[in-house]
Amino acid sequence: MKLLHVVKRRAGGIGRYLDLLESVGEKVWEVERDGLPPKGWSLLLHAVVPEVVKLPNRKFFFMHGLRSVSRRMLEGKIEFNPKYLVKFIQFGRYLQNFEKILFPSFSMAETARRLYGVKGKVIYLPFEEGFPQKVRVEGRTLLWVGREAWIKGLDTFEGLAEELSGWRFVVVGVTSGKSRRVEYLGRLSWVALKRLYRDSTFLLVTSRYESFSYVTLEAMSSGTPVLVLKRAGGAAELVEKVGLGRVFNTREDLKKYLMQLPQRNFILKIPHPSFLLQEHLKRLYAYLFP
């Protein structure tokens, strides 16, 4: 069983995951750096790499996020824009090239089934850091971490900043925005971000969708509870699994909670064993090579 983890280029959450795999001896192949993968390997693709599907190798796909989906599609509405429709059809065809498909959350699996009609195995990504048994809410700082893209829901966070007084609103990963009440810090070092996690009252996840969320796990691991909208999919699933936070059905529910702040303590549930790297690899290989 020779498994090659293939990506166009290493970046973001996928890059962090691939770094973990490489640290325990898994082989990672970056197409932009290394060219096309060699023969003699089974390929597990972690991104869309069209030129690889023509190779004779056995090919699997780890669907880390939604591809070619517009906002209307995500909301279950009819999309009329041909640009999005063409991309959507092309990605659906692309998925047909793979022997097996994996998903990092049950939310991602259900969304992929609904949108593309594909099924596969759910295997949570690894996260080796532990979680505190109990966290207590203190301070008045709300943190948001992400990139500038509509699917991340920064506009929701900015809207809350305009409507809620008495809170400090801080954004990491974006240098500017639409609200004067928000501090936009841009990208921070890992040390500075960890410190900010610890110093914040809550991390808010207002994404319109997340297949998984290392940011959510990082905050809970740092002792900062996470408030997340249910629409955030995999991020909401992680909060429900770990327990150090709360999931809200609507933006208004989240706003009311912040106005009243009724809950002061959050208790850890038993973390899912698949967060452990070796357990993750065990399940990965069992599914791909039964």
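Up top is the structure.
Presented here is an overview of the structure given in this document. Everything quoted here is computed from the prediction, not taken from an experiment.

So, on to the environment of Val48. Along the chain, Val48 falls in the loop between strand E3 (42–45) and strand E4 (59–62). On the accessibility criterion, Val48 (29% relative accessible area) is partly exposed. Once the C-alpha coordinates of Val48 and Leu102 are considered, the two residues, 54 residues apart in sequence, prove to be 14 Å apart. Discounting chain neighbours no more than four positions away, the residues touching Val48 are Lys8, Phe61, Arg67, Phe91 and Tyr94.

A word on the sheet that holds strand E2 (residues 27–30). Read across the sheet, six strands follow the order E2-E1-E3-E4-E5-E6 without closing on themselves; strand pairing throughout is parallel. Because the sheet does not close on itself, it has two edges, and the strands there are E2 and strand E6 (121–122). As judged from the four bridges shared by strand E1 (residues 3–7) and E2, these two strands associate in the parallel manner. Its bridge partner lying in E2, Leu4 is registered against Lys27. Where helix H11 (residues 277–288) meets the sheet, it contacts E1, E3, E4, strand E5 (100–103) and E6, and its direction lies at approximately 155° from that of E5.

Once that is clear, we can look at the sheet that holds strand E10 (residues 182–184). The pairing of strands in a sheet happens through backbone hydrogen bonds and is either parallel or antiparallel. Judged by pairing direction, the sheet is parallel, and its six strands sit side by side in the order E10-E9-E8-E11-E12-E13 without closing on themselves. For this open sheet the edge positions go to E10 and strand E13 (245–248), each flanked by a neighbour on one side alone. Strand-to-strand, the axes of this sheet are offset by a mean angle of 25°, without reference to chain direction. This element, helix H8 (residues 214–221), spans strand E8 (141–145), strand E11 (202–205) and strand E12 (226–229) of the sheet and lies at about 165° to E11.

Within this model, the largest pocket holds a volume of roughly 1900 Å³. Lining the largest pocket are 48 residues, and of these Gly12, Gly13, Ile14, Arg147 and Lys152 lie nearest its centre. Contributing elements (two or more residues each) for the lining of the largest pocket: helix H1 (12–23), helix H4 (82–95), E8, helix H7 (190–199), E11 and H8. With four residues, the top contributor of residues to the lining of the largest pocket is H1.

This next bit is on the packing of aromatic side chains. With the rule as written, the count across this model stands at 22 aromatic pairs. Centre to centre, the rings of Phe202 and Tyr257 are 6.1 Å apart; their planes meet at 65°, and the pair counts as edge-to-face. Linking Phe202 in strand E11 with Tyr257 in helix H10 (residues 251–260), this pair joins segments that are 55 residues apart in sequence. No difference in accessibility class separates Phe202 from Tyr257, as the two residues are buried. Geometrically, the ring pair formed by Tyr285 and Phe289 is tilted, given 5.9 Å between the ring centres and 35° between the ring planes. Of the residues examined, Phe289 reaches a relative accessible area of 15% and is grouped as buried. Among the aromatic residues, those joined into a ring-pair cluster are Phe106, Tyr124, Phe127, Phe131, Phe212, Tyr214 and Phe275. Between the NZ or CZ atom of Lys83 and the centre of the ring of Tyr84, over which it lies, the distance is 5.0 Å. The aromatic ring of Tyr287 is capped on one face by Lys100, whose charged end is 5.1 Å from the ring centroid.

Both faces of E12 are covered, namely the face carrying Val226 and Val228 and the face carrying Leu227 and Leu229. Sheet analysis places E11 next to E12, joined by three bridges and oriented parallel. Each residue of the ladder has a partner; that of Leu204, found in E12, is Leu227. As for the winding sense of the linkage, the β-α-β connection from E11 through H8 to E12 is right-handed. Both E12 and E13 contribute to a ladder of four bridges, which runs parallel. Each bridged residue has a counterpart across the sheet, and for Val228 the counterpart in E13 is Val247.

Criteria and cut-off values
Residues numbered from 1 in each chain as written. Predicted model: local features only at pLDDT ≥ 70, side-chain atom pairs only at ≥ 80, totals over all residues. Heavy atoms only, no water. Helix = DSSP H or I, 4+ residues; strand = E, 2+ residues; numbered from the N terminus. Buried < 20%, exposed > 50% of the residue type's maximum accessible area, 1.4 Å probe, protein only. Contact = heavy atoms within 4.5 Å. Pairing = 2+ DSSP bridges. Axes fitted to C-alpha atoms, helices over the stretch in contact; angles between N-to-C directions. 1 Å grid on protein atoms, 1.4 Å probe; cavity = no way out; pocket = protein on both sides within 12 Å on 5 of 7 lines; lining within 4 Å. Points joined across faces, edges and corners; volume = space filled by probe spheres on them. Phe/Tyr/Trp six-rings, centres within 6.5 Å; stacked < 30°, edge-to-face > 60°. Lys NZ or Arg CZ within 6 Å of the ring centre and 35° of its normal. Right-handed = clockwise from strand over helix to strand, strands pointing away.

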